[in-house]
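Structural overview for review
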Amino acid sequence: MIHYLFNAYIGKNMIEGGLTKVENEGQMGEEFEQEFNVKPEQMKIAGYFEAIGSLFLLASFLGKSFTRIGSLMISSVLGVAIFKHLKAGHGYEGSKNALKFFSLSLLSFVETFGKK
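A brief look at the structure comes next.

Procedures and definitions
Each residue is numbered by its place in its chain's sequence as written, counting from 1. Where local features are concerned, this predicted model is filtered to residues with pLDDT of at least 70; where side-chain atom pairs are given and counted, the filter is 80 or more; whole-chain, interface and lining totals use all residues. To obtain the side-chain values, all non-hydrogen atoms of the structure were used and water was disregarded. The pairing test for Phe, Tyr and Trp rings, Trp by its six-membered ring, is centres within 6.5 Å, and the orientation test on the planes gives stacked under 30 degrees, edge-to-face over 60, and tilted for anything in between. Each residue is assigned to one of three classes by its accessible area relative to the maximum for its type, calculated with a 1.4 Å probe on protein chains only: buried under 20%, partly exposed between the two thresholds, exposed over 50%. The criterion for a charge sitting over a ring is simple: Lys NZ or Arg CZ within 6 Å of the ring centre, and within 35 degrees of the ring normal. Helix axes are fitted to C-alpha atoms over the stretch in contact, other axes to C-alpha atoms as well, and angles between N-to-C directions run from 0 to 180 degrees. Where helices and strands are cited, they refer to DSSP runs of H or I of at least four residues and of E of at least two residues respectively, numbered from the N terminus. Oblique is the label for any angle not covered by the other classes, which are roughly parallel (under 35 degrees), roughly antiparallel (over 145) and roughly perpendicular (65 to 115). Crossing handedness follows the turn of the near helix against the far one: under a right angle anticlockwise gives a left-handed crossing, and clockwise gives a right-handed one. We call two residues in contact when some of their heavy atoms are within 4.5 Å. Each residue gets one label: Ala, Val, Leu, Ile, Met, Phe, Trp, Tyr, Cys and Pro are nonpolar, Asp, Glu, Lys and Arg are charged, and the others, such as Gly, are polar. A helix is expected to reach a length of 1.5 Å times the quantity of its residues less one. Given a residue, its bend is the angle between the two axes fitted to the seven residues that end at it and to the seven that start from it. Think of a salt bridge as a Lys or Arg side-chain nitrogen and an Asp or Glu carboxyl oxygen that are within 4 Å of each other. Without a salt bridge and with relative accessible area above 30%, a residue can belong to a patch; like charges are then joined within 9 Å and nonpolar side chains (Val, Leu, Ile, Met, Phe, Trp, Tyr) within 5 Å. The protein chains shown are the only cover counted for residues, whose accessible areas, like all others here, come from Shrake-Rupley with a 1.4 Å probe.

With that settled, the discussion passes to the packing of aromatic side chains. Throughout the structure, instances matching the rule amount to three aromatic pairs. A centroid spacing of 5.3 Å and a plane angle of 75° characterise the contact between Phe109 and Phe113, whose relative ring orientation is edge-to-face. Residue class for Phe109 comes out buried when judged on its relative accessible area of 19%. Above the face of the Phe113 ring, Arg68 is positioned so that its terminal group lies 4.2 Å from the ring centre.

To continue, consider the packing of helix H3 (residues 40-58) against helix H4 (residues 64-87). Where H3 contacts H4, the axes come no closer than 8 Å and their chain directions differ by 150°. Comparing their axes, H4 and H3 come out roughly antiparallel. Read as a crossing pair, H3 and H4 show a hand that is left-handed. Across the interface between the two elements, Ala46, Phe49, Glu50, Ile52, Gly53, Ser54, Phe56 and Leu57 from H3 touch Phe66, Thr67, Ile69, Gly70, Ser71, Met73, Ile74, Ser76 and Val77 from H4. For the contact of H3 with H4, the class distribution of residues is 10 nonpolar, six polar and one charged.

It is worth spelling out the environment of Glu93 at this point. Mapping Glu93 onto the fold places it in helix H5 (residues 91-111). Relative accessible area serves as the criterion here: at 56%, Glu93 is assigned to the exposed category. Along the sequence, Glu93 and Lys44 sit 49 residues apart, while their C-alpha atoms lie 25 Å from each other.

To continue, consider H5. With 21 residues, H5 ought to run about 30 Å at 1.5 Å a step, and its terminal C-alpha atoms sit 29 Å apart, in line with that. The principal kink in H5, of about 50°, is found at Asn97. Of all the positions in H5, only Ser95, Ala98, Phe101, Leu104, Ser105, Ser108 and Phe109 are classed as buried.

Before going further, it helps to spend a moment on the pattern of salt bridges. Across all of its chains, the model carries three salt bridges by this definition. A salt bridge links Glu16 to Lys12; its shortest N-O distance comes to 3.9 Å. A residue pair is termed a helical-turn pair when its members lie 3 or 4 positions apart in one helix, as Glu16 and Lys12 do in helix H1 (residues 2-23) at four residues. On the basis of relative accessibility, which here comes to 45%, the residue Glu16 falls in the partly exposed class. Measuring nitrogen to oxygen at the nearest pair gives 3.2 Å for the salt bridge that ties Lys96 to Glu93. Of the two residues, Lys96 and Glu93 are both situated in helix H5; the distance of three residues between them amounts to about one turn of the helix.

A cluster of nonpolar side chains, Tyr4, Phe61 and Leu62, forms an exposed patch at the surface whose accessible area comes to about 330 Å². With respect to the helices and strands, Tyr4 occurs in helix H1.

The next point concerns the environment of Phe36. Assignment of secondary structure puts Phe36 in helix H2 (residues 30-36). In this structure, the C-alpha to C-alpha distance between Phe36 and Lys84, residues 48 residues apart in sequence, is 6.0 Å. When neighbours within four sequence positions are excluded, Phe36 is seen to be in contact with Lys84, His85, Ala88 and His90.

Below, the structure is given as structure tokens:
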């Protein structure tokens, strides 16, 4: 039960960011795109990955496969976000939120391999 609430927390927080990227057609602002060297099409794809991965985590009560797929999708997007923040020179403070959800998502993924 706690695992499903944990996944719901991750999914709820991540879906907002994903939908924002999709609704804005990948446009996150010219300054943002120049600083991180990200094209609008790439942001839109990342938004879809985030939103779909979040939906999988929200549906994780249906089976471990949903958790695994959702966690991998979210972790892939957040891994790139962490890399981009560090490359832009933002350090830990700039990538703190992405690191938090990346860690939680990976923890959720690893937990699916435990004995039940």
